[in-house]
Amino acid sequence: MLLILGNDKIIQQGIKQWCRQFYLMKGLLIHLKAKLTFNKIYCMKKILIIICVLLSINSVAQKTKSTYILIRHAEKDTTEQGSQEMNANPPLNALGVKRAERLVQFLKEYSIDTIYSTNYIRTIETVKPLSKKTGKEIQIYNPKDLKLFAQQLLRQNGKTIVVVGHSNTTPALVNLL
């Protein structure tokens with residue numbers, strides 16, 4: 001499942017996949033129901049076995065899937081001298097600090113395994129409250145080598161991973177995942 005956060009909007013991809021699985025199972029049941037007229041007991045056993053197999057396959061697949069929560073850093077302080085320059089590293093402004101604190105509440109239902117951030121003040125400050133709450137150390141990643149980072153993320157099966165980045169790195173990372 002992929003959960004993308006940015007400007008307080010949530011996009012969940014994975015719902016489509018779940019819906020497809022549901023309709024496949026529903027279609028299979030309707031098809032099998034039509035054949036019940038021949039031998040109800042034999043067919044019911046077949047249906048139960050097929051449903052059990054499908055559910056067990058689905059539950060095994062769910063255990064190995066990872067959830068990636070990708071976040072653009074909160075609002076930065078553009079009033080600080082030099083903050084508009086390309087190599088600037090400003091902290092969060094007051095609104096950004098509040099947004100970072102709300103992130104903890106927003107993600108409370110997730111069991112976070114790992115938190116990644118670029119090595120910028122604004123990205124680290126965005127996930128610092130979440131790091132404190134979960135007790136997870138913030139891991140630094142290199143935004144200049146997103147392909148390698150995406151491969152590293154994809155190898156972590158069954159994990160819930162938070163990644164904070166920038167307006168130019170987060171969409172690129174989504175495409176790589």
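Residues numbered from 1 in each chain as written. Predicted model: local features only at pLDDT ≥ 70, side-chain atom pairs only at ≥ 80, totals over all residues. Heavy atoms only, no water.

## Focus: the pattern of salt bridges
And step 1. Under the defined criterion, the tally for this structure stands at one salt bridge.
And step 2. When the shortest N-O distance is used, the salt bridge between R99 and E75 registers 3.6 Å. Here the residue R99 occupies a position in helix α3 (residues 94–106), and E75 occupies one in the loop between β3 (67–72) and α3, the gap between them amounting to 24 residues.
And step 3. Classification of R99 by relative accessible area gives buried; the value is 10%. (Salt bridge = Lys/Arg side-chain N within 4 Å of Asp/Glu carboxyl O. Helix = DSSP H or I, 4+ residues; strand = E, 2+ residues; numbered from the N terminus. Buried < 20%, exposed > 50% of the residue type's maximum accessible area, 1.4 Å probe, protein only.)

## Some words on helix α4 (residues 121–134)
And step 1. Between its first and last C-alpha, α4 extends 20 Å over 14 residues, near the 20 Å set by a 1.5 Å rise per residue.
And step 2. Restricting attention to buried positions, one finds in α4 the residues R122, T123, T126, V127, L130 and S131.
And step 3. Buried residues belonging to α4 abut β3, α3, β4 (114–117), β5 (138–140) and β6 (160–165).
And step 4. A positive phi of about 75° marks G135, the residue just after α4. (Expected span 1.5 Å × (residues − 1). Contact = heavy atoms within 4.5 Å.)

## Focus: the nonpolar core
And step 1. One finds I69, I71, L107, I115, V127 and V162 to be the most contacted residues of the largest nonpolar core, which totals 13 residues.
And step 2. Mapped by element, the contributors of at least two residues to this core are β3, α3, α4 and β6. (Core = buried A, V, L, I, M, F, W, Y, C linked by side-chain atoms within 4.5 Å.)

## With respect to the environment of Q156
And step 1. Residue placement: Q156 occurs in the loop between α5 (146–154) and β6.
And step 2. The class for Q156 is buried, based on a relative accessible area of 17%.
And step 3. In this structure the C-alpha to C-alpha distance between Q156 and T64, which are 92 residues apart in sequence, comes to 8.9 Å.
And step 4. Not counting residues within four places of it along the chain, the set of residues in contact with Q156 comprises S66, Y68, T114, Y116 and I161.
And step 5. Of the polar contacts made by the side chain of Q156, one reaches the side chain of Y116; its length is 2.9 Å. (Polar contact = N/O pair within 3.5 Å; in protein donor to acceptor, adjacent residues only side chain to side chain.)

## Focus on the pairing of β4
And step 1. Judged by which residues are buried, β4 turns out to be covered on both faces: T114 and Y116 on one side and I115 and S117 on the other are all buried.
And step 2. Both β4 and β6 contribute to a ladder of four bridges, which runs parallel. Paired with Y116 across the bridge in β6 is V163.
And step 3. Judged from the three bridges that link them, β4 and β5 form a sheet pairing that is parallel. If you follow Y116 over to β5, its bridge partner there is Q139.
And step 4. Between the parallel pair β4 and β5, the chain is carried across by α4, and the sense of this crossover is right-handed. (Pairing = 2+ DSSP bridges. Right-handed = clockwise from strand over helix to strand, strands pointing away.)

## Focus on the packing of aromatic side chains
And step 1. Applying the stated criterion across every chain yields a total of two aromatic pairs.
And step 2. Relative to F149, the ring of Y116 lies with its centre 5.0 Å away and its plane at 75°, an arrangement referred to as edge-to-face. Here F149 lies in helix α5 and Y116 lies in strand β4, a separation of 33 residues in the sequence.
And step 3. Residue Y116 is classed as buried on the basis of its relative accessible area of 7%.
And step 4. When the ring of Y141 is compared with that of F149, the centres are 4.1 Å apart and the planes differ by 5°; the resulting orientation is stacked. Neither Y141 nor F149 differs from the other in exposure class; each is buried.
And step 5. Grouped by ring-pair contacts, the aromatic residues Y116, Y141 and F149 constitute a single cluster. (Phe/Tyr/Trp six-rings, centres within 6.5 Å; stacked < 30°, edge-to-face > 60°.)

## Some thoughts on the confidence of the model for the chain
And step 1. Taken over all residues, the pLDDT of the chain has a mean of 76, while the share at 70 or more is 60%.
And step 2. In this model residues 1–20 is a low-confidence stretch, pLDDT under 50, and it forms 40 contacts with partners more than four residues away in sequence or in other chains. (pLDDT = per-residue confidence, 0-100.)

## Some remarks on the pairing of β6
And step 1. Among the six residues of β6, six are classified as buried, and the element is accordingly described as predominantly covered.
And step 2. Covered by surrounding structure in β6 are T160, V162 and V164 together with I161, V163 and G165, the residues of both alternating faces.

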